[in-house]
Amino acid sequence: RVDDSRHGDDDQQQLQSFAFNIQRAFSASSFGVIGTIYLHNWWNFLERFVNARFPIIPAKRTSRLSNALVKVMIDQSISAPLYNWCYFFITNAVHSSNAAAGGDRV
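Attention in this report is confined to the structure presented alongside it. Bear in mind the structure is a predicted one, so any value in this text is a computation, not a measurement.

## Side note on the packing of aromatic side chains
Here's step 1: Scanning all chains against the criterion turns up 8 aromatic pairs.
Here's step 2: On the basis of an interplanar angle of 65° and a centroid distance of 5.0 Å, the ring pair of phenylalanine 31 and tyrosine 83 is categorised as edge-to-face. With phenylalanine 31 in helix α2 (residues 22-53) and tyrosine 83 in helix α3 (residues 61-100), this residue pair connects regions lying 52 residues apart in the sequence.
Here's step 3: Given the relative accessible area of 10%, phenylalanine 31 is considered buried.
Here's step 4: Its relative accessible area of 26% is what places tyrosine 83 among the partly exposed residues.
Here's step 5: An aromatic cluster is built from Phe31, Tyr38, Trp42, Phe45, Phe49, Tyr83, Tyr87 and Phe88, whose rings are joined through pairwise contacts.

So, how was this worked out
Residues numbered from 1 in each chain as written. Predicted model: local features only at pLDDT ≥ 70, side-chain atom pairs only at ≥ 80, totals over all residues. Heavy atoms only, no water. Phe/Tyr/Trp six-rings, centres within 6.5 Å; stacked < 30°, edge-to-face > 60°. Helix = DSSP H or I, 4+ residues; strand = E, 2+ residues; numbered from the N terminus. Buried < 20%, exposed > 50% of the residue type's maximum accessible area, 1.4 Å probe, protein only.

The structure is reproduced here in structure tokens:
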């Protein structure tokens, strides 16, 4: 049997050392707003673009599958790298502006 009493102390210490970080909350919420708007428009564009080139034929299920696969392929090759880059860009911009204002840089 493993003695878990030491792990309980670690958990208590982590809970006591928790402090709300407004800078991280602001960067996450900023990215959430921008990311949501971006993804909404991106997927609307993909719907129009892919459906125009790969129209869904109601009688064929394979057309729906190929339509979905094309959207995912385009999304993962173009949008996913851009989305990840934007996350780091926005996070860095928020943290840099806080550091310039005299805050801590984490």
